[in-house]
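Coordinate analysis (summary)
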Amino acid sequence: MATVSVPRVSVDSEFVMTIAGKRVSTNETLAVFNPATRQVVANVPVASQVLLDEAVAAARAAFNEWSTNALTDRQQAVAAMGDRLAEHAEDFMALLTIEQGKPKAMAEWEVLGSIAWFREIATQSLASETVQETRERLVISRHTPLGVVGAIVPWNFPILLAVWKIAPALVTGNTIVVKPSPFTPLCDLKLVELVQDLLPAGVLSAVSGGDDLGRWITAHRDIDKIAFTGSTETGKHVMASAAGTLKRLTLELGGNDPAIVLDDVDPQTVAPKLFWAAFQNNAQFCNAAKRIYVHDNVYDQVRDAMVAYARTVTVGDGASPETQLGPIQNEPQYRKVLEYFADCHANGHVFALGGMVDRDAVGWFVPVTLVDDPPEDSRLVAEEPFGPILPLLRWHDEADVIARANATPWGLGASVWGRDLERVGRIGRQLEAGTVWLNEIHEYSPHQVFAGHKQSGIGAENSLYGLVEYTNHQTITLNKARDAVA
Ligand code: NAD
């Protein structure tokens, strides 16, 4: 076991990479900002290609022993990682708010979710299957680990989406090198450092750096699989780069999730639910409802109720207890979101709420903004803004709204809201999305498969389907006849 003293989980502590069980810093560093203040709060190491090679070599060296350990040992180690995170949960929540911007309730959701994922994925396993057993032959189908996994993580849920990769990779017997987003490396570096004494050295490493580091990982000759969560655009680069060595891939990518609201809803009841469907995590959520189609008969009432509810929501520094929505997480994303405001103004779209950005705000804040029935081909409707500016759209014909909901290259999630459950179900089943929520949203489980349709991804996370993604299929056949070879 690696011997590492327990690190402090605090923004004013030192942030290091973990390579081969050792703490590693570099002369070159990368600044990490608090998005609520635009101030640098910490600096993290920048991995060179040589350091990445060391992490991968250590993962390769650790693979034989780790993969041949008893399954229960690996499961226990992963469950213990959940317990370790639980011991430091409050500190991680505070650190997450500082680096990501999310308010306490969201930080709690993410950290408690990460603990639950470690513990629950630790209960999963893939049994061997006897396909045929006769007096003459035995055929068994089983799963073997792939080898070394490279995990590439985005900035919106930095801990949870790392855990979604670390836990199944380790349970199935792989070793793993994690690369956090350059915008949110603090929690991931601490987490990996904090659990080293639970694992043999090299089984779990973390390297930090910029997007180049991601490119080196996807092209690395000795990495067997990439588990990637991020934008569809980057996902395409990952796939192209991974093709050079035919790496296995799980891609969890972007989305433009539709929500369809029927005319039998109570506008006052549904409005807060739709609001949070769209704006949770300040709309920096792959599964945020990004286009809300409201039936013409209730459109005005739902719009007005959403506007009224939105006016009650407090936007601010996530560290303040009253804050419900934080800032945009980073400057490039802030600039991207501003483009959608500019585009709406330039094209004369109507703002039901918001629309004016205070560029002198202390942090990267934009106001909650609702756009009243913009054209279907407007940028706001057709693209993924990934920020708190939301189009509300009218519909009256069921077949037409289903066609509009599906008219997108993405297919991550969708939701339908209405009292008539038969109709809700009928519409839901026609939506092209990996998860379709009916009268609820953002309910996830370690035992519920999560996978994007179309350009929202390849492969799956969570459930036994997610576990399979970290394995090879292997068939073993035995000819039992005594005279088979002699
Ligand atoms: P991003 O694609 O910019 O970056 C994701 C990660 O990829 C980062 O760690 C980044 O450093 C790395 N990276 C960048 N360029 C790379 C390259 N060429 N090769 C390899 N790695 C590279 O995404 P983001 O802005 O961090 O996250 C937001 C996006 O992620 C949104 O599109 C959102 O919908 C998506 N997302 C999807 C899910 C899902 O599960 N489907 C979950 C969360 C976020």
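Residues numbered from 1 in each chain as written. Predicted model: local features only at pLDDT ≥ 70, side-chain atom pairs only at ≥ 80, totals over all residues. Heavy atoms only, no water.

1. Observations regarding the overall build of the protein chain
For clarity, the cut-off: Strands here mean DSSP runs of E at least two residues long; helices mean DSSP runs of H or I at least four residues long; both are numbered from the N terminus. For every residue, the accessible area (1.4 Å probe, protein chains only) is compared with the maximum for its type, and the residue is labelled buried under 20%, exposed over 50%, or partly exposed between those bounds. Areas reported here follow the Shrake-Rupley algorithm with a probe of radius 1.4 Å; residue values treat only the protein chains shown as occluding. Counted charges follow a simple rule, with Lys and Arg positive, Asp and Glu negative, and His plus the chain ends left uncounted. By convention, the point assigned to a charge is CZ for Arg, NZ for Lys, CD for Glu and CG for Asp.
Counting its secondary structure elements, the protein chain contains 15 helices and 22 strands. With the principal axes as the frame, the protein chain shows a C-alpha extent of 80 × 60 × 40 Å. Here the protein chain holds 486 residues, and the buried ones make up 58% of them. About 19500 Å² of surface is accessible on the protein chain, with carbon and sulfur atoms providing 51% of the total. Across the protein chain, 40 positive and 58 negative side-chain charges occur, with their mean positions spaced 5 Å apart.

2. Some points on the packing of helix 9 (residues 267–279) against helix 10 (residues 299–311)
The condition that has to hold: A fitted line through C-alpha atoms serves as each axis, taken over the contacting stretch for helices, and the angle formed by two N-to-C directions is quoted from 0 to 180°. Here the angle decides the label: under 35 degrees means roughly parallel, over 145 means roughly antiparallel, 65 to 115 means roughly perpendicular, and every other value means oblique. The crossing is said to be left-handed when, going from far helix to near helix, the turn is anticlockwise and less than a right angle, and right-handed when the turn is clockwise. Pairs of residues are marked as contacts when any of their non-hydrogen atoms sit within 4.5 Å.
At their nearest, the axes of helix 9 and helix 10 sit 8 Å apart, and the two run at 60 degrees to each other. Between helix 9 and helix 10, the interaxial angle falls into the category oblique. At the point where helix 9 passes helix 10, the crossing takes the right-handed sense. Residues Pro 267, Gln 268, Val 270, Ala 271, Pro 272, Leu 274, Phe 275 and Trp 276 of helix 9 form the contact with helix 10, whose participating residues are Gln 301, Val 302, Ala 305, Met 306, Tyr 309 and Ala 310.

3. Here we look at the sheet that holds strand 12 (residues 257–261)
Using the following cut-off: For two strands to pair, DSSP has to find at least two bridges joining them.
Spatially, 7 strands are ordered 14-15-16-13-12-18-19 in an open sheet, and the strand pairing comes out mixed. Either end of the sheet is taken by a strand with one partner, and the two such strands are strand 14 (350–353) and strand 19 (435–438). Mean inter-strand twist for the sheet, computed between neighbouring axes without regard to direction, equals 25 degrees. Its contacts with the sheet put helix 11 (residues 331–346) on strand 14, strand 15 (369–372) and strand 16 (389–395), and the angle it makes with strand 16 is roughly 45 degrees.

4. A closer look at the state of the cysteines
Where we set the bar: In this description, the term disulfide denotes a pair of cysteine sulfurs within 2.5 Å.
For the structure on display, the rule yields 0 disulfides. Lacking any disulfide linkage, Cys 286 is separated from the closest cysteine sulfur, that of Cys 187, by 18 Å. Residue classification places Cys 286 among the buried residues on the basis of a relative accessible area of 18%.

5. Some words on the environment of Ala 319
Residue placement: Ala 319 occurs in the loop between helix 10 and helix 11. Along the backbone, Ala 319 and Leu 96 are 223 residues apart, and their C-alpha atoms lie at a distance of 10.0 Å.

6. Observations concerning the sheet that holds strand 22 (residues 471–479)
With antiparallel pairing, 3 strands are arranged side by side in an open sheet as 5-6-22. Each edge of the sheet is formed by a strand with only one pairing partner; in this case those strands are strand 5 (129–133) and strand 22. Neighbour to neighbour, the strand axes of the sheet diverge by 20 degrees on average, direction disregarded. Of the strand pairs in this sheet, strand 6 (residues 137–145) and strand 22 are connected by 9 bridges, and their pairing is antiparallel. For Arg 142, the partnering residue across the bridge sits in strand 22 and is Gln 474.

7. A word on the site of the ligand
The following threshold applies: One heavy atom within 4 Å of a molecule or strand makes the whole residue count as near it. Two N or O atoms count as a polar contact when they lie within 3.5 Å, although within protein this holds only if one can serve as hydrogen donor and the other as acceptor, and sequence-adjacent residues are included solely when both atoms are side-chain atoms. All amino acids are sorted into three groups, where Ala, Val, Leu, Ile, Met, Phe, Trp, Tyr, Cys and Pro are nonpolar, Asp, Glu, Lys and Arg are charged, and the leftover types, Gly among them, are polar.
With respect to spatial proximity, 29 residues lie near the ligand, and among them Val 153, Asp 211, Thr 234, Leu 253 and Glu 384 are the closest. Ser 231 places a polar side-chain atom, nitrogen or oxygen, 2.8 Å from an oxygen atom of the ligand. Between the ligand and Leu 253 there is a distance of 2.6 Å, counted from a nitrogen atom to a backbone nitrogen or oxygen. Across the complex, the protein chains shield 92% of the 850 Å² of accessible surface that the ligand would expose by itself. Going through the elements one at a time, helix 7 (211–219), strand 10 (225–229) and helix 8 (232–243) are the ones with two or more residues in the shell around the ligand. Residues belonging to the shell around the ligand are distributed by class as follows: 14 nonpolar, 10 polar and 5 charged.

8. Some remarks on the nonpolar core
Convention followed: Among buried residues, those of type Ala, Val, Leu, Ile, Met, Phe, Trp, Tyr and Cys that are joined through side-chain atoms within 4.5 Å constitute a nonpolar core.
One finds Leu 199 and Ile 292 to be the most contacted residues of the largest nonpolar core, which totals 94 residues. Considering each element in turn, this core owes the most residues, 11 residues, to helix 5 (residues 158–171). Sequence-distant contacts of Ile 292, defined by excluding residues within four places in its chain, comprise Ala 259, Val 261, Leu 274, Ala 278, Met 306, Leu 390, Pro 391, Leu 392 and Leu 393. Formed by 23 residues, the second largest nonpolar core is a distinct cluster that contains Leu 51, Leu 52, Ile 217 and Leu 251.

9. Notes on the pairing of strand 7 (residues 148–152)
Under the convention used in this document: Here, the term right-handed applies to a crossover whose path from the first strand over the helix to the second runs clockwise when the strands point away from the viewer.
For strand 7, the buried fraction is high: 5 of the 5 residues fall into the buried class. Going residue by residue along strand 7, you find Val 148, Gly 150 and Ile 152 tucked away on one face and Val 149 and Ala 151 tucked away on the opposite face as well. Here 5 bridges tie strand 7 to strand 8 (residues 175–179), and the two strands are oriented parallel to one another. Bridging from a neighbouring strand, Ile 152 pairs with Lys 179 of strand 8. Note that the unit made of strand 7, helix 5 and strand 8 has a crossover that is right-handed. Where strand 7 meets strand 10, 4 bridges bridge the pair, whose relative direction is parallel. Opposite Val 149, over in strand 10, you have Lys 225 as the bridge partner.

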